[in-house]
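Single-letter residue listing:
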Amino acid sequence: MKREKQVPAKGGGNGRRQAVTIHDVAKHAGVSSMTASRVVNQRHHVSAEMRERVMASVRALGYKPNLAARAARSGNLQIGLLYSNPNSSNLSAFLMGAFLEAGKLGHQLLVEPTATHPTHLAAVRKLVEHGVEALILPPPLCDDEDILKMLRKRGVTAVAFTTAKPRSDTSAVLIDDYKGAVMMTERLIALGHRDIAFVRGDMKHSTAQRREEGFRAAMRDADIDVRPEWVVDGDYTYRGGLEAGRKLLEGDARPTAIFASNDDMATAILAVAHGLGLAIPGQVSVAGFDDTPVATAVWPELATIHQPIADMAAQAILLALEGLRRRREGEAASIIHRHAELELIERASIGPAPGKQRKRG
């Protein structure tokens, strides 16, 4: 990891909403707290009449067992992790890094795909109701004010994963997406390219916004115009990359280089170029972002910007646990923004612009 920034926390307290307790249920049902607990936890013999009386109070009060408290008593904390794109080539590294770190520390990781829920907020709510005390939120969830507000109200620690717009009230693990896009664009310019196209990611993600901003800044600094028709949407998906590749490469006027906002789209553009019989990088250079496993599984191998996803996921687990520790011990919140190193990985998918190749001996 590169550097860490501690951000002063705003306000005081943890914002926890007063929840219905087992003692409230017991009082409502007219029984002891021990009896109510036995019913809820399905332990020991309790008469059918007593069980029904307690359960009626549970329903009336909307009581939900505090699974997180049970986990805390056993020392086995529950950390939630969500993901929104099951087809992302980043997903395996993201999950593996988080699972390995949580397992090493002896804590439970609950994983939830958002695609199985009507909204992202519903997916988050499910994990909270299952008793997680901390949540790791990838884009676009980490930039969603409604989600963050709900977590604050419920007293759940949130850690933003790879947001490009870190907040002063939420810890985060991130890279400098703007800088990464500048690095790759400048490299293409140094190779003699002036006709450079850019493929956007999902613009609901702050990362997509910052990567486009970095591309445009590097082009502007080199005094190169960005052609509007050569900035196309790709949605961070392979299918989106196919559509973008066709738009950019099937016409009469085509760019000499294409910089895609992630590797999934870049590999799709490689496929389109191969289908059209274009030489890579002789006729068109293609670059991606992220350095996922797919970058070295294609031909030619993909030039890209490396970010250490697995290590960043492990760091997110550590930030979540630190947030939980401070809250439990009554300490002030400590908001930390941990930045990971970027590296430009130059591979065979990029080369000098047509007409700029070096002449042999």
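These notes cover the structure that comes with them. (Residues numbered from 1 in each chain as written. Predicted model: local features only at pLDDT ≥ 70, side-chain atom pairs only at ≥ 80, totals over all residues. Heavy atoms only, no water.)

1. Concerning the overall build of the chain
Helix and strand counts for the chain come out as twelve helices and 13 strands. Within the chain, buried positions represent 50% of all 361 residues. Summarising the internal contacts of the chain: among those between residues at least 6 apart in sequence, 72% fall at separations of at least 24. (Helix = DSSP H or I, 4+ residues; strand = E, 2+ residues; numbered from the N terminus. Buried < 20%, exposed > 50% of the residue type's maximum accessible area, 1.4 Å probe, protein only. Contact = heavy atoms within 4.5 Å.)

2. Examining the nonpolar core
Counting 46 residues, the largest nonpolar core has Ile-79, Phe-94, Ile-136, Phe-161, Phe-259 and Ile-317 as its most contacted members. When residues of this core are assigned to their parent elements, the largest contribution, nine residues, is made by helix H12 (residues 309–328). Once residues within four sequence positions are removed from consideration, Phe-161 is found in contact with Phe-94, Ile-136, Leu-137, Pro-138, Pro-139, Cys-142, Val-173, Ile-309, Met-312, Ala-313 and Ala-316. Within the second largest apolar cluster, 25 residues are counted, among which are Val-232, Leu-242, Ile-269 and Ala-273. (Core = buried A, V, L, I, M, F, W, Y, C linked by side-chain atoms within 4.5 Å.)

3. What to know about the pattern of salt bridges
For the structure shown, the criterion picks out 22 salt bridges. Across the pair Glu-212 and Arg-216 runs a salt bridge, and its minimum N-O distance is 2.9 Å. Here Glu-212 and its partner Arg-216 are both found in helix H9 (residues 206–221), four residues apart, which amounts to about one turn of the helix. Through salt bridges with shared partners, one network takes in Glu-145, Arg-152, Arg-167 and Asp-169. (Salt bridge = Lys/Arg side-chain N within 4 Å of Asp/Glu carboxyl O.)

4. Overview of the sheet that holds strand S9 (residues 257–260)
If you trace the four strands from one edge of the open sheet to the other, you get S8-S7-S9-S10, paired in parallel fashion. The sheet terminates laterally at strand S8 (231–233) and strand S10 (285–287), the two strands that pair on one side only. In this sheet, neighbouring strand axes are inclined to one another by 20° on average, regardless of whether the strands run parallel or antiparallel. Examined bridge by bridge, S9 and S10 share three bridges and lie parallel to one another. Pairing of Phe-259 across the sheet is with Ala-287, part of S10. Sheet strands in contact with helix H8 (residues 177–190) are strand S7 (196–200), S9 and S10, and its direction is about 170° off that of S9. Contacting S7, S8 and S9, H9 runs over the sheet at an angle of about 165° to S7. (Pairing = 2+ DSSP bridges. Axes fitted to C-alpha atoms, helices over the stretch in contact; angles between N-to-C directions.)

5. Some thoughts on the packing of aromatic side chains
Going through the model one piece at a time under the given rule, you end up with three aromatic pairs. Between Phe-198 and Phe-259, the ring centres sit 5.5 Å apart and the planes meet at 80°, which makes this aromatic pair edge-to-face. Residue Phe-198 is located in strand S7, and its partner Phe-259 is located in strand S9; the two are separated by 61 residues in the primary sequence. Here Phe-198 matches Phe-259 in class, with each residue buried. Aromatic ring contacts, followed pair by pair, group Phe-198, Phe-215 and Phe-259 into a single cluster. For the cation-ring pair, Arg-211 lies above Phe-289, with the distance from its terminal atom to the ring centre recorded as 3.7 Å. Taking the ring centre of Trp-230 as reference, the NZ or CZ of Arg-227 above it sits at 3.9 Å. (Phe/Tyr/Trp six-rings, centres within 6.5 Å; stacked < 30°, edge-to-face > 60°. Lys NZ or Arg CZ within 6 Å of the ring centre and 35° of its normal.)

6. Quick look at empty space enclosed by the protein
Here the structure, examined in full by the defined rule, presents two cavities of 30 Å³ or more. Lining the second largest cavity, in full, are Cys-142, Asp-143, Ala-160, Thr-163, Lys-165, Pro-166, Arg-167, Thr-170 and Ala-172. (1 Å grid on protein atoms, 1.4 Å probe; cavity = no way out; pocket = protein on both sides within 12 Å on 5 of 7 lines; lining within 4 Å. Points joined across faces, edges and corners; volume = space filled by probe spheres on them.)

7. Quick notes on the side chain of Ser-285
The residue Ser-285 is located in strand S10 in this model. A polar contact of 3.4 Å, which involves the side chain of Ser-285, links it to the side chain of His-193. Each residue touching Ser-285, except ones within four places of it in the same chain, is listed here: His-193, Thr-256, Ala-257, Ile-258, Ser-349, Ile-350 and Gly-351. (Polar contact = N/O pair within 3.5 Å; in protein donor to acceptor, adjacent residues only side chain to side chain.)

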